[in-house]
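# Descriptive structure summary
One-letter residues, chain by chain:
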Amino acid sequence: MRTSHVVADVPPPRPDAPSGTGAHPAPATPGVRARSQHQRRRRIVQAAAALASRGGVEAMQMRTVAERAGVALGTLYRYFPSKMDLVVAVVGEEIDLLESSIERRPPTAAHPAGRAVDVLMRATRGLMREPELADALIRSLIIAEVEAPFGDRMASLVLRVAAGGRTADLPPDDQLALTASLVGVWVQELLEMLRGRRTYEQIQHRIELAAERLLAGF
């Protein structure tokens, strides 16, 4: 699981800052502030993911996340107004990791269906390395009361990889609808696997069948 360093929410003093009464440190530049905010947000998301991997979403108590990330509770709420916003952010990081993996090692299957299956099964392996986290994220997103771009991002990723830079014989909206349907099948199968009703091999077989049918027009 990804780890995060717990550090204070206040930046250390500048070594060249003047000392003594009345000394005022130079204000941070916009670029420095942006990097600091990005790093703080990343610490929060990593802390939430680490807690969820051990005890599910129930373990992602906002105060506990703040303490683990080394930020004030008010700071946490400025970044993530609710626990579900935090869950969605954790899912987003999982997709970021998947996209990085695909960029480093693109699928090599000759057909669109094969490339789509590669993406979805790679995502399955990544999620199942942390089954508690996977179960928490999938279940939470199903009942999410906030906008969760998980399905849309996965569908766009699968479409981009499946098409392989080629133009399909279908209108763009139809292509996206078909890949979104494939992702929907994958999510349902993943839930069945988390419940102990599917093996990895069974999921792969079902995803292969669905991909061959749904992406036949690509």
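Residues numbered from 1 in each chain as written. Predicted model: local features only at pLDDT ≥ 70, side-chain atom pairs only at ≥ 80, totals over all residues. Heavy atoms only, no water.

Position of L159 relative to the elements: it lies in helix α7 (residues 150-163). Exposure remark for L159: the relative accessible area of 15% places this residue in the buried category. Those residues in contact with L159, other than ones at most four positions away along the chain, are Q175, L176, T179 and F218. (Helix = DSSP H or I, 4+ residues; strand = E, 2+ residues; numbered from the N terminus. Buried < 20%, exposed > 50% of the residue type's maximum accessible area, 1.4 Å probe, protein only. Contact = heavy atoms within 4.5 Å.)

On inspection of all chains with the given rule, the structure shows ten salt bridges. Residue E99 is joined to R160 by a salt bridge in which the shortest nitrogen-to-oxygen separation is 3.7 Å. Within this pair, whereas E99 is found in helix α4 (residues 83-104), its partner R160 is found in helix α7, the two being separated by 61 residues in sequence. Between R213 and E212 there is a salt bridge, with the nearest N and O atoms lying 3.7 Å from each other. Classification of R213 by relative accessible area gives exposed; the value is 60%. Residue classification places E212 among the partly exposed positions, given a relative accessible area of 46%. One network of salt bridges, in which partners are shared, links D96, E99, R153 and R160. (Salt bridge = Lys/Arg side-chain N within 4 Å of Asp/Glu carboxyl O.)

Turning to the side chain of R122, a few remarks are in order. Mapped onto the elements of the fold, R122 is located in helix α5 (residues 112-128). Assessed through its relative accessible area of 7%, R122 is described here as buried. Among the polar contacts listed, one links the side chain of R122 to the backbone oxygen of R105, at a separation of 2.9 Å. (Polar contact = N/O pair within 3.5 Å; in protein donor to acceptor, adjacent residues only side chain to side chain.)

The next point concerns a positive patch on the surface. Taken together, the side chains of R104, R105, R125 and R129 make up a positively charged region of the molecular surface. Residue placement: R125 occurs in helix α5. Here R125 falls in the partly exposed class, since its relative accessible area comes to 37%. (Patch = residues over 30% accessible without salt bridge, like charges linked within 9 Å, V, L, I, M, F, W, Y side chains within 5 Å. Areas by Shrake-Rupley, 256 points an atom, 1.4 Å probe, with all protein chains shown as cover. Lys, Arg positive; Asp, Glu negative; His and termini not counted. Charge placed at Lys NZ, Arg CZ, Asp CG, Glu CD.)

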